[in-house]
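# Per-entry structural report
For reference, the chains in residue letters:
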Amino acid sequence: MRLLLVIPCSIFLLAAITDRMPAQAEGDRGERLPATALGPAVVESMTEVLRRQSALPPAPRVVAGVHDGSAGRWLVPAHGAATARPHSGQRYAINEWGDAAMGIGFPSRVDVEGAWFAPQGGRGSATTAVRALGYRDGEEVARSEWLESMATATAPVWLAMDLRDVDRIVIEARPMRGGAGWFAMDDLTYRDVATPVRVVVDFEDIAWRSVLTDSVYRGLRWERGTGKFAPDAERSTQDGVRAVPPPQQPPQLPPSPLTSPPPHGMLNSVTGGTAPHVTWSVAGPKIFDPGSAVIPPDSSGAAGPQHFLSYVNSNLSVYRKDTRARVVNVALTAFFALPNGVGIGDVRAVFDPHSQRFVISAMTGPYGWIYLGVSQSSDPTGTWFKTSFLAASGSDINKWPDFPTLGVDANGIYLAALMVGGNYPMTIWALDKAPMLQGNPSLGTITAWRNQPWEGAIQPCVTFGDSGGEFLVSRLDQTNLHLRKIAGRLTAPALYDLGSIPVPWQDSPPPAPALGSVTDISTGDFRPAHAMWRNGSLWLAQGTVYSGRAACRWYQIDSTTRNVLQSGTVADPVLSFFYPAIAVNERGDVAMAFNGSHAGQYVGAYCTGRLASDPPGSMSEPLLFRAGEGAYDRVDSNGTNRWGDYSYCSVDPANGSFWTIQEYARTNNDWGTWIARLEFDWFNYGTGWPGTTSVPELSLLGRPLLGSTVMLSVGNSGAASASFLLIGLQPNSVSIFDGTLLVVPTYSQSVVPGWLAASFSIPSSQSLLGLSIYMQAIEIDAGASSGLSFSRGLEMRIGM
């Protein structure tokens, strides 16, 4: 049985009043980016992009990247890739690619006392034991015992090497997957034989992501490994895919107020949410499409009136909604006219509901630039405005942006990122949107707020309507979110810190087992990857942990009071759920989509949802809408089986349905994406006019699927003697007889109020798929002021 969990908001009200981080009274004006930090701008058609793409050589399946069979190197991993705990300080060294024999040479003979070791990478990749071999003049002279206690240790373990009078050592790892086994080494300790000075190599004086091999760091010779891995048939196929660096973290994280979740008895299971159903789907971009020989894909995308734009590392594609045809399929280097081979990723795409245009962003990592594209209409196959700005400027110089986020409101485009380097600050940018929408578009004012504290990701909202400014949300700690707001004219905006939001306990999810995956699937951490603001509420989702498995948490938050109006956790006794995305439409209906897997199931795509009228905190049972097809093992140089790093949901601007793009495991150890439209079968809309005792209600019994029969219920308003059912293909809103006509009628019939008032047989024709049918009942009721009572409208969408 799957669990849909919620914590009642009332238990947080006291904390909301007494234990909040206070709001900031005065706004921070930030700094304006100088002209030297603004990149060139161009307006060009998609035709020109397709011409550049066609001129590129065909992308080979094997490209420079993940692992080409070469020997591993000693390196200090990026902080976000460091999965083990250091023994001291913040850094340690690892064996790249899990090379199981790594040598270190000394300038003279030494006595090696030992070092601290811990498993690195995910379960199935991390080694369970290491040992050390000592050499003198090229001959092995001693070896240590295997450090067996690594297998169960939760902290670094000391390996007493006791290798005397040696000039070289080799660290051997017990091979795991494909002959590889990852480890972390810290505080290597030795004494020079001639001058017995004790030396401890702790790696604290070298930068993150430093390669030690072929260097003389600390006067030692850091060798390459042997490169002796199992044959391709015995290890996962890597195909040379480029691995995007994992989301980074600063060297020193703030302490968490809690170290373990509260008793599960504090969580209440709430069911009864209404399930959305897939009414349209198509295979999205996959690995080895133009530009996409990358892990992970960072799946994002958005629906426009006629198209769905998908945007993954590092590919942009466009699909027609009416035919499902993929009409654009280009590498981002072709889209942004970058030199072939430039690494561009961390992609984001939204549809701006105010300007009715697509907005996309991406970053070029070590180069420090963020690239932007704004379509010049709602048609993404047409003309685009493209530009960039230097994120690594001001106090962020010599840093690079990681995990940049994206949001929009009526006035601006907003981004935030961790700036990797130094003390790892976060920076927020606000871009005045007006100049980009002109007939001759240009890049206007960009304001930056630097040196924000690290909170995983600061997520601007996709804002519908007038919120009075742009809200940005982040995760503060295990029991609080953090809310900010940018307000004022975007030629001189201000950033306001609105304080903390008490929420149910949450923390980073563990890796997820999956059928056939030797190394568990990476599920990211707790950071929100997408947020929406609509009708006074902020909606967001994040990964969390429940009963030792990855789960998905969601929230509705009042943006004025900062109270959690409702929240829930989608969890399962067997399945792990991870990388959620959420969206809400004008009616307040919600859809959420995410990945799921367990040890007996490949990674697939799931969705859940609720209508605005469903019980607070409820979501429907998760629905598997794209099953995984094969095992997935694409382990990066740090021993992590990369997946994610996020997914996306959006709202269809044409009819309020939902769209999502989700990653899933294909055959041949490949990732793919699946694009789906999610719709609710039926819902009420509009305002009826009451009769003698109540407003009559329409409801359906059964699902309106192709080839099915559904029954219609017409609720009695009290003293109604007869009803007329109006049916049409368009909604309406016309005042009539003190009520509102909510249907453009093309057909009517008499019905008797009550259950089974009418039935409908739906043909099996595919042309009807996704069609909306609108209904309204008008009852003859002498007790009503006008003699008539009007039901609310009912929209029925035909699915399959």
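What you see is a predicted model, and the numbers here were worked out from it, not measured in a lab. (Residues numbered from 1 in each chain as written. Predicted model: local features only at pLDDT ≥ 70, side-chain atom pairs only at ≥ 80, totals over all residues. Heavy atoms only, no water.)

### Observations concerning the overall build of the protein
As a reminder, the rule being used: Secondary structure elements are defined from DSSP: runs of H or I of at least 4 residues count as helices, runs of E of at least 2 residues count as strands, and each element is numbered from the N terminus. Accessibility here uses a 1.4 Å probe with only protein chains present; expressed as a share of the type maximum, an area under 20% marks a residue as buried, one over 50% as exposed, and anything in between as partly exposed.
Looking only at helices and strands, one finds three helices and 56 strands in the protein. Going through the 800 residues of the protein one by one, you find that 60% of them count as buried.

### Let's talk about the sheet that holds strand β44 (residues 658–665)
Test applied: Strands pair, by our definition, only if DSSP identifies at least two bridges between them. Under this scheme, a helix contributes an axis fitted over its contacting stretch, all axes are lines through C-alpha atoms, and angles between N-to-C directions fall in the 0 to 180 degree range.
Spatially, four strands are ordered β16-β45-β44-β43 in an open sheet, and the strand pairing comes out antiparallel. Strand pairing shows two members of the sheet lacking a second neighbour, β16 (277–286) and β43 (648–651), which therefore form its edges. Going across the sheet, the axis of each strand differs from the next one's by a mean of 25 degrees, ignoring polarity.

### Regarding the pairing of strand β10 (residues 183–192)
Most of β10 sits out of view: nine of its 10 residues are buried. As paired strands, strand β5 (residues 93–95) and β10 are joined by two bridges and run antiparallel to one another. When the bridges of β10 are listed, I94 appears paired with A184. Alignment of strand β6 (residues 101–119) against β10, held across eight bridges, turns out to be antiparallel. Bridge assignment links G114 to a residue of β10, and that residue is T189. Sheet analysis places β10 next to strand β11 (residues 198–201), joined by four bridges and oriented antiparallel. Each residue of the ladder has a partner; that of L188, found in β11, is V201. Between β10 and the antiparallel strand that follows it, β11, lie five residues.

### Topic: the confidence of the model for the protein
To keep it simple, the criterion reads: One confidence number per residue, pLDDT, is output by the predictor and ranges from 0 to 100. A contact between two residues is defined here by any heavy atoms of the two lying within 4.5 Å.
With 89% of its residues at a pLDDT of 70 or more, the protein shows a mean pLDDT of 88. Every residue in residues 1–19 scores below 50 in pLDDT, and together they form 57 contacts with partners more than four places removed in sequence or on other chains.

### A word on the nonpolar core
Rules: By convention a nonpolar core is built from buried Ala, Val, Leu, Ile, Met, Phe, Trp, Tyr and Cys residues, the set being connected through side-chain atoms within 4.5 Å.
By size, the foremost hydrophobic cluster in this structure holds 142 residues, and its most contacted members are F117, M161, M185 and W429. With sequence-adjacent residues up to four places away left out, M185 is seen in contact with W74, Y92, A93, I104, A115, W116, F117, I171, F203 and W222. Ranked by size, the runner-up nonpolar core spans 23 residues in total, among them L332, V342, F351 and W384.

### Concerning the sheet that holds strand β39 (residues 576–584)
With antiparallel pairing, four strands are arranged side by side in an open sheet as β39-β40-β41-β42. Because the sheet does not close on itself, it has two edges, and the strands there are β39 and β42 (623–626). For this sheet, the mean inter-axis angle between neighbouring strands, taken without regard to orientation, is 30 degrees. In this structure, strand β41 (residues 601–610) lies alongside β42, joined through three bridges in antiparallel fashion. Paired with A605 across the two strands is R626, which belongs to β42.

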